[in-house]
Every structure is written in C-alpha cells, then in structure tokens.
Amino acid sequence: MSKKKGLSADEKRSRMTEFFYEKDFFQLKDLEKLCPKEKGITAMSVKDVVQSLVDDGIVDSDKIGTSIYFWAFPSKASQNRKRKLDELENKLKELEAKKQQLVATVEKSKEGKEDTDEREEVLEELSKRQQEKKQILEELEKYKECDPEVLEQMKLETEQAREAANRWTDNIFSTKSWIKNKFSFEESVINQQFGIPSDFDYVE
C-alpha cells in the first residue's frame, strides 16, 4: 500500500494562511499543537512555514512580554500582494519596451552581414529579457493562486500582459516574414541567425 503523499510547501503556506484568517493570535507552541489537527501540517514543519509567511509580510509577529505572538489579517495580505503585482506589472512593461527596441534592431539586419560584437550583445540581451519575462509571469501565476480576494483583478492584469506580450510576438513574426520575402531565407536559417527558439510562439 502506497504511502500518503505529504503537503507541498505551497499547500502548507496556503493552509497556514487560512488558519490565521479563521482564528486569532497565537504563540508558536499553540500553532504546533493546532495546525496538525486542523490543517494537516506536521508539527515539525510549522515553525518554518510560519517564518516563511512572516518573511513575505503575510503574517505579523511581535513580542508581548516574554512571549512572541503571530497573527494575520486578510486585508493586509491583499494589499501586500496588490503592491507586489503592481511592481511585477511595471517590470513587465519595462521588459516589453526593451524587447521592442531589440526587435527594431533585428529588423535592421541585412543579408550577408557578418557577426559583430554589437549583434551578439543584442541577442544576449534579448535572451536575458525573455527569461526575466518568463520568471515574472511565473511569479504572477503564483500570487494569483494565493489570494482569492484579488483573483479577478489579477486575471484582468494577466490577460493585458499576455496581450501585450503577444503583440511583440506578432512583431517578431512580421520581421521574420519580411526577411524571408526580402532575402528568400528559410525560416530555420532566420531562427538560427537571430537566436530565435524553434518553439517560439504566442503566450497562451
């Protein structure tokens, strides 16, 4: 008979957050006693989970007398996540603007042009920005799953970000089409020349 699968780190954080929202103020010893029964979080992992939530500003803590108490309010968590989302959205816009500049540089490429240091730097920068964009989208997804109170707003913002990313994807496809028509290059040759992944496509 297979062993029961334990909770993931994200599941523990989510259940612990729910526990605080449903309850009041607690000392660590109380959490280690109650959370295993009510949320299925092992007593040994309670301290680490609580500390991670404190580090992220989701749970507050303070020393009262000789004891340390922990608590959390849904309204503060929503504000913190909204602020983080705004920061990520602004960063994403900056990356999209930078990507537009890089695409414009690629459009100026001519047939038979030899590799230059400038071109290599542009391609390296494009790859770096694409990776940063991917990480930001993944982080946006993580925050969307954690806060039901801002879920609808996040869906709208994520859709707007997806549409913006796909507009620049359109630009790249248009540029590839122009190069193919102008210089009769095969698509695979264009991808190889400009470091475009073969599976490059729109964001779903």
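Residues numbered from 1 in each chain as written. Predicted model: local features only at pLDDT ≥ 70, side-chain atom pairs only at ≥ 80, totals over all residues. Heavy atoms only, no water.

Asker: Before we go on, may I ask you to explain helix H3 (residues 43–55) in this structure?
Answerer: Helical periodicity: at 3.6 residues per turn, an α-helix aligns residues three or four positions apart in one direction. Look at H3: 19 Å from first C-alpha to last across 13 residues, which is about the 18 Å you get at 1.5 Å a residue. Along H3, the residues classified as buried are Ser45, Val46, Val49, Val50 and Leu53. Looking straight down H3, one finds that the buried residues subtend no more than 140 degrees of arc, so they occupy a single side. Away from its buried face by more than 90 degrees, H3 exposes Met44, Lys47, Asp48 and Asp55. Packed against the buried residues of H3 are helix H1 (9–22), helix H2 (28–39) and strand S3 (67–71). A positive backbone phi angle near 75 degrees is found at Gly57, which sits one or two residues after H3. (Helix = DSSP H or I, 4+ residues; strand = E, 2+ residues; numbered from the N terminus. Expected span 1.5 Å × (residues − 1). Buried < 20%, exposed > 50% of the residue type's maximum accessible area, 1.4 Å probe, protein only. Arc of directions from axis to C-beta. Contact = heavy atoms within 4.5 Å.)

Asker: Just checking my understanding: could you explain the nonpolar core for this structure?
Answerer: Nonpolar side chains in soluble globular proteins tend to be buried together. Of all hydrophobic cores here, the largest spans 15 residues; its most connected members are Met16, Phe20, Leu31, Cys35, Val46 and Val59. Residue assignment for this core shows that the elements contributing at least two residues are H1, H2 and H3. For this core, the leading source of residues is H3, giving four residues. Not counting chain neighbours up to four residues away, the residues in contact with Val46 comprise Met16, Leu28, Leu31, Glu32, Cys35 and Ile41. Counting ten residues, the second largest nonpolar core, distinct from the first, contains Leu123, Phe183, Ile190 and Phe194. (Core = buried A, V, L, I, M, F, W, Y, C linked by side-chain atoms within 4.5 Å.)

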